[in-house]
Amino acid sequence: MRAAASISAVVLASALAASAAPAQRATVGLRAHTERIVMDTVGQEIEMAFETGRVYHATVVAFESMKIPVTLSDSGRGLVGNLQLIKSGSLGGAPFTRWINCGSTMTGPRAATYRITMPIVAMLDATGPGKSRVRIALVAQAQDMQGASTEPVLCSSSGALEKRLQDTILKHLIASSQ
């Protein structure tokens, strides 16, 4: 009987600890990175003087306008994005070299010719009545598509894609308010 009570206490303590911990939002793994990446820890954040529901809708519109397929759409957790985006050449009407830097080879920037794997997600939170915070995060890797299989290389964001998405979200919110 005592063992059962002890086990119940451990299970209850574990459940309470888990409920007190912050909710895990979105994590991704890339072959070029040794650890899983918690998307909450990267990206650019902006405050918006609009209700979260309106910001959520504007965020979906912004992703679609950039030709980023929305495969993650969770209004309850405030997530919009694509955690498995794989493309090459360009995104949103601009070459990948505008959005990310993956280093160069003798023939030029890797982002221009390599296959890009780029999870991208917008995370929304209400910060008060009629106010929201949006964090747009992306991580990327590039892999040569020519010849023998090679290991992917990490890429860094220029910040331009995140800024363009934020601007598009704001533009849509302002236009829908008039």
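Everything here concerns the structure above.
Residues numbered from 1 in each chain as written. Predicted model: local features only at pLDDT ≥ 70, side-chain atom pairs only at ≥ 80, totals over all residues. Heavy atoms only, no water.

Counting 35 residues, the largest nonpolar core has Ile-100, Met-118, Ile-120, Leu-161, Leu-165 and Ile-169 as the members making the most contacts within it. Of all the secondary-structure elements, those providing two or more residues to this core are helix 2 (52–65), helix 3 (96–99), strand 13 (120–128), strand 14 (131–138), strand 15 (140–143) and helix 5 (160–177). Take this core: its biggest share by element is six residues, from helix 2. Residues contacting Ile-169, with those up to four places away along its chain left out, are Met-48, Val-55, Ala-58, Thr-59, Ala-62, Val-134 and Ile-136. Judged by nonpolar contacts, the second largest core, of 11 residues, contains Val-28, Leu-30, Met-39 and Leu-79. (Core = buried A, V, L, I, M, F, W, Y, C linked by side-chain atoms within 4.5 Å. Buried < 20%, exposed > 50% of the residue type's maximum accessible area, 1.4 Å probe, protein only. Helix = DSSP H or I, 4+ residues; strand = E, 2+ residues; numbered from the N terminus. Contact = heavy atoms within 4.5 Å.)

With that settled, consider the sheet that holds strand 15. Strand pairs in the sheet, formed through backbone hydrogen bonds, run parallel or antiparallel to each other. Taken together, five strands build an open sheet; the order of strands is 6-12-15-16-9 and the sheet is antiparallel. A single partner strand is all that each edge strand has here, and the edge strands are strand 6 (86–88) and strand 9 (100–101). Direction of pairing for strand 15 relative to strand 16 (residues 153–157): antiparallel, over a ladder of three bridges. In the sheet register, Gln-141 faces strand 16, and the bridge partner there is Leu-154. (Pairing = 2+ DSSP bridges.)

One covalent bond between the sulfur atoms of two cysteine residues makes up a disulfide. Counted under the stated rule, the structure contains one disulfide. In this model Cys-102 forms its disulfide with Cys-155; the gap between the sulfur atoms is 2.0 Å. Because the sign of the S-S torsion sets the handedness, a value of about 105° for the bond joining Cys-102 and Cys-155 places this disulfide among the right-handed ones. Of this pair, Cys-102 sits in the loop between strand 9 and strand 10 (104–105) while Cys-155 is found in strand 16, placing the two residues 53 residues apart along the sequence. Assessed through its relative accessible area of 4%, Cys-102 is described here as buried. Residue Cys-155 is classed as buried on the basis of its relative accessible area, which comes to 13%. (Disulfide = S-S within 2.5 Å.)

On to the packing of helix 2 against helix 5, then. Where helix 2 contacts helix 5, the two axes come as close as 8 Å, and the packing angle between them is 125°. When the axis of helix 2 is compared with that of helix 5, the two are oblique. Here helix 2 and helix 5 pass one another in a crossing that is right-handed. Of the residues in helix 5, those touching helix 2 at Arg-54, Val-55, His-57, Ala-58, Thr-59, Val-61, Ala-62, Phe-63 and Ser-65 are Leu-165, Thr-168, Ile-169, His-172, Leu-173, Ser-176 and Ser-177. Residue composition of the contact of helix 2 with helix 5, grouped by class: eight nonpolar, seven polar and one charged. (Axes fitted to C-alpha atoms, helices over the stretch in contact; angles between N-to-C directions. Parallel < 35°, antiparallel > 145°, perpendicular 65-115°, else oblique. Left-handed = near helix turned anticlockwise from the far one by under 90°. Nonpolar A, V, L, I, M, F, W, Y, C, P; charged D, E, K, R; others polar.)

Scope: geometric values only; no functional claims are made or implied.
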